Structures are given as structure tokens and as C-alpha cells.
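Single-letter residue listing:
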Amino acid sequence: MQLFWKLALMMMVLVCVTISISISLSDRRPTRVGVSCCKEVSKGRIPAAIKLIGYKHQNALSPCVDAIIFYTEKEKYCSDPKAPWIKNRLNGTSLILI
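Source: prediction; values computed, not measured.

Quick notes on the rules
Residues numbered from 1 in each chain as written. Predicted model: local features only at pLDDT ≥ 70, side-chain atom pairs only at ≥ 80, totals over all residues. Heavy atoms only, no water. Phe/Tyr/Trp six-rings, centres within 6.5 Å; stacked < 30°, edge-to-face > 60°. Buried < 20%, exposed > 50% of the residue type's maximum accessible area, 1.4 Å probe, protein only. Helix = DSSP H or I, 4+ residues; strand = E, 2+ residues; numbered from the N terminus. Salt bridge = Lys/Arg side-chain N within 4 Å of Asp/Glu carboxyl O. Disulfide = S-S within 2.5 Å.

**Observations regarding the packing of aromatic side chains**
Tallied over the entire structure, the rule returns 3 aromatic pairs. A centroid spacing of 5.3 Å and a plane angle of 75 degrees characterise the contact between Phe-4 and Trp-5, whose relative ring orientation is edge-to-face. Its relative accessible area of 55% is what places Trp-5 among the exposed residues. Taking the centre distance of 6.3 Å and the plane angle of 45 degrees together, the rings of Tyr-55 and Phe-70 count as tilted. With a gap of 15 residues between them, Tyr-55 in strand E1 (residues 54-58) and Phe-70 in strand E2 (residues 67-71) connect regions that are remote in the sequence. By the burial criterion, Tyr-55 is buried, and Phe-70 matches it.

Structure representation (C-alpha cells):
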């Protein structure tokens, strides 16, 4: 008979813990994150006449691809990090920490 009460007590504790966890999780709001990333890249060289203000490296995490993102005042360029001209273009361009 004592085994029955021990099992009943364990079940009640389990139910209480489950309910308290579900209540605490229901109060949390999800963080809204929009997917704004490079989904494809270009191997084409960015002309020297285009003034770059910075860059960042984007890791591949679906749907995003591995890319170097170059920023200008108005737009961004998604470039292939394996393109041979990338290293030269990174010189003199500031890394943007986001």
C-alpha cells in the first residue's frame, strides 16, 4: 500500500511541475526576428568607384548562405567569400559589428 502512495505523490509532483513550467512559458513573448540576410551571392567584382562604408561576414544558416556583405550608404552587396578579389577589397574597409 505504501508503494501506491509513493507513486501517487510522485505523479502529483510531476503534474504540479509540468503545470508551473507551462504557465511560466506562456507568459514569455517570442522575439520578433525578420530574416534579412543574403540568400545568394555574386562572384562579380564590385567596381572600385563604389564607395564601401563597411562589411560583415555572414555564416551559412538556412535560408542564409555564407557571404561577405559589403555596405554602401544606400545598399548592400552579397559577395562570395571565396571570390579571389574579396581579400583586396576588404583592405581599407571597416568590419561592421552587428
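What follows continues from the structure just given.
**Regarding the pattern of salt bridges**
By the definition in use, this model includes 1 salt bridge. Two residues, Lys-43 and Asp-80, come together in a salt bridge whose shortest N-O distance is 2.9 Å. Taken together, the positions of Lys-43 in the loop between helix H1 (2-26) and E1 and Asp-80 in the loop between strand E3 (76-79) and helix H2 (86-90) put the pair 37 residues apart, joining distant regions of the chain.

**Quick look at the state of the cysteines**
Tallied over the entire structure, the rule returns 2 disulfides. Linked covalently through their sulfurs, Cys-38 and Cys-78 form a disulfide whose S-S length is 1.9 Å. Across the S-S bond of Cys-38 and Cys-78 the torsion is about -75 degrees, and the bridge reads as left-handed. Of this pair, Cys-38 sits in the loop between H1 and E1 while Cys-78 sits in strand E3; the two residues are 40 residues apart in sequence, bridging distant segments of the chain. By sequence order of its bonded cysteines, the protein chain has the disulfide arrangement 1-3, 2-4.

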